[in-house]
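Below are the chains, spelled out letter by letter.
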Amino acid sequence: MKKKNQGEKLLGNISHHTKIYLKIVSILDNNENKIISIDISSNSVKIGLVSEQLKLEFVDSQNINIINEDLDGFAKRLDMDDLWNKVNDGINRILKKCKSIVNIIGISTCTQRIATVFLDNAGKVIYGGPNTDVRGIDSAYMIDDEFSERDLFEITGHSPPLLFCLARLLWFREEEEETYEKINKVLMLDDWLVYRLTGNYVSDLSSAAESQILDIKKREWSSEIIQTFDFDPDFFPEIVESGTIVGELKPELVKRFNFSQNIIPVIKSGGDTQATLLGMGVIEDGDIGISLGTTAPLHLVVNKPIFDPNNNFWTSCHSIKGKWLIEAHAGSTGAVYDWFKECFLSGLTNNSDYSIEQYLKNSTPGAFSTFAFLGPEKMNIKNQTSIKRGVFVFQPPTMVSEELPKIGDFTRSVLENIAFGIFENYQVIQMFTDLSTRTYCAGGMAKSEEFCKILASVLNTEISVPYTKDSAFIGVAMNTLKGLNYYSDYKSMIKDLLTYEKKFSNPTISDIYKTIYLEWKNMKNKIDDL
Amino acid sequence: MSKFESIESCLKEIENRYTNTEKVRKKLANYDEAIQITFLDTNRSVLLLVDKDLGIEIKDNFGDENAPVKIEFLSEKVMLELFNKELGAVKAYSSGKIKVVEGKIRNLMKLKSLMF
């Protein structure tokens, strides 16, 4: 594949009008300059309107549709038309919320990682698969036959193959040859969104890194993988750094959204997790970011690609030039939290988040010897062969029981399970650096004051929580500001625009949690055999 | 009426899939490890011996404690439901009706087309 200075090439494609526009926006009244941030996460399409001071002003959120393709439940598809309609509806709705006409200085997007889209030569979607599509289970053997687990991991930093774009491509070649023959472009979901907005095919490192086709060290599509499987090299779009202007919003979309200006630059962001990390300010070596979303990936920033000798913890590209990420994953944390709220609290209260805060305030560490085992744990996807059973362990009513656990104790046990799952990964990820680390967290669960306190004490560290917890929107907006040259680097942007609350570990509670964690872990070892 | 009404008919189907489907044999071309299936309700064990793409031998009521791949079914009914497409493999797996008690995921992926 030809190596190009892709960023320069793309900037060279920007129209003369865009260049003039970039100059004009810098002299307009700053108060009215806004950024549209689009985030397609695992569950929802979210549109945010962010000021150039990085204040999140409006958010619109809609659930996404995922279609099961087979009874077995391995193959899943995104409803791509529905997704695009929701992006359009969401943009229209946030624009309506603005009381006055605003100058949209740019649009940028991030999406769930791993999700993949194949297009035909007319740009029509022939497959769009979410991060939960594991159809690759049927084709992963082809990868195993060509690459040893270690060799593939040292190229791509990811495992096991069944999850990723590489196995999906091979699945279509093996199982749906006619569809495979129609493939003209292989895009990650964020690349597709950029394509819909601009008409341009382009990827970025944070997206491409989650395809298992990117050479993580070289930061380019792996020619070895492409040649081994005889893929058409033209399948794969050019790769730019996040924070690069990659085109202008299509004229028909400018008209549809009734924008006051004709030229709206679109800036590449990429993976939602990398955008979240950026929005937390996690960019320096030794920074650890905990993204508290549907799941809870933990990332350590490193300045060179390091590969886990056991091929378990992933290595990805950050959206920051010259930075890589080591990822450990605590599993379905936010999903467990939401499930618990829905199943156990929705009938008791109209505001479960508020109730959870009260329950946590009124209960004590250890939750009256109530323990939850609902999934969050140390990452071990590579060797995971069974889905563990969910279990609560608690003191039941007996003739000799004087006190019994209450709903507040069960609530606390769930949050402690999540914190312990994060802790196990936090311990491991720190072993990849000799530097002293700084810890940040953001995402939906970071909005819980009490959970952040538990987490700080379980991790026994100070945690910086950004003022705006929906950090993906902020990260996407930061890429926009970088692309538009408002700032020459992310570091100064973070210094000027991000503010944090500090969550401190309570040494006494932290000591108590050391014991409780060991009790939980010992019990878990037995429960895992169920 | 269900197509598969006994474990024997399911085992026959596994043999058919191997023998009559080139794709299945292709997937198993480098596979030669024993697979032990145990039904927890009847304590019945079945041993599948795949010899790459050269053949398969199925031994009913036969176990091997040293088999590198061991799969447990909560009951014989689970296998019947799977083969009759009344239950999806992912659902069976996530609800604990099937449990892989031993085995590398790389090998298990290869077995999917044979079993589910």
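Everything below is about the structure printed above this text.
What counts and how
Residues numbered from 1 in each chain as written. Chains lettered and ligands numbered in written order. Predicted model: local features only at pLDDT ≥ 70, side-chain atom pairs only at ≥ 80, totals over all residues. Helix = DSSP H or I, 4+ residues; strand = E, 2+ residues; numbered from the N terminus. Buried ≥ 20, exposed ≤ 12 C-beta atoms within 10 Å, placed from the backbone. Contact = placed C-beta atoms within 7 Å. Axes fitted to C-alpha atoms, helices over the stretch in contact; angles between N-to-C directions. Parallel < 35°, antiparallel > 145°, perpendicular 65-115°, else oblique. Left-handed = near helix turned anticlockwise from the far one by under 90°. Nonpolar A, V, L, I, M, F, W, Y, C, P; charged D, E, K, R; others polar. Pairing = 2+ DSSP bridges.

**Side note on the environment of tryptophan 324 of chain A**
All names here are of chain A.
And then number 1: Mapping tryptophan 324 onto the fold places it in strand S19 (residues 324-329).
And then number 2: When the 25 C-beta atoms within 10 Å are taken as the criterion, tryptophan 324 is described as buried.
And then number 3: Placed 283 residues apart in sequence, tryptophan 324 and serine 41 show a C-alpha to C-alpha distance of 22 Å.
And then number 4: Beyond its immediate sequence surroundings of up to four residues, tryptophan 324 is in contact with Val302, Lys304, Pro305, Thr315, Ser316, Cys317 and His318.

**What to know about the packing of helix H15 (residues 407-429) of chain A against helix H16 (residues 449-459) of chain A**
All names here are of chain A.
And then number 1: It is the contact of H15 with H16, at a shortest axis distance of 9 Å, that shows an interaxial angle of 40°. The pairing of H15 with H16 is recorded here as oblique in orientation. H15 and H16 meet at a crossing whose hand is right-handed. Between H15 and H16, the contacting residues are Leu415, Glu416, Ala419, Phe420, Ile422, Phe423 and Tyr426 on the first element and Phe451, Ile454, Leu455, Val458 and Leu459 on the second.
And then number 2: For the contact of H15 with H16, a count of residues per class yields 11 nonpolar, no polar and 1 charged.

**Let's talk about the sheet that holds strand S14 (residues 245-248) of chain A**
Residue and element names in this part refer to chain A.
And then number 1: Sheet architecture is open: 6 strands sit in the order S3-S2-S1-S6-S15-S14, paired in mixed fashion. Edge strands, defined here as strands with exactly one partner in the open sheet, are strand S3 (56-63) and S14. Neighbour-to-neighbour, the strand axes of this sheet turn through a mean angle of 25°, independent of strand direction.
And then number 2: Across 3 bridges, the pairing between S14 and strand S15 (residues 265-271) is antiparallel. Bridge pairing in S15 places glycine 247 opposite valine 266.
And then number 3: This element, helix H8 (residues 189-198), spans strand S1 (33-40), strand S6 (103-111), S14 and S15 of the sheet and lies at about 150° to S6.

**Structural notes on the interface of chain A and chain B**
And then number 1: The interface is formed by 19 residues belonging to chain A together with 21 residues belonging to chain B.
And then number 2: Of the residues in the side of chain A that touches chain B, the class split is 8 nonpolar, 5 polar and 6 charged.

**Some remarks on the sheet that holds strand S2 (residues 44-51) of chain B**
Residue and element names in this part refer to chain B.
And then number 1: Pairing is mixed in the open sheet, where 5 strands are placed in the order S3-S2-S1-S4-S5. Two strands lie at the open edges of the sheet, namely strand S3 (55-60) and strand S5 (98-102), each paired on one side alone. Here the average twist between neighbouring strands, direction ignored, is 20°.
And then number 2: As defined by bridge partners, strand S4 (residues 69-73) adjoins S5 across 4 bridges and the pair is classed as antiparallel. Each bridged residue has a counterpart across the sheet, and for isoleucine 71 the counterpart in S5 is valine 100.
And then number 3: Packing against the sheet, helix H1 (residues 7-20) makes contact with S2 and S3, and its axis sits at approximately 175° to S3.

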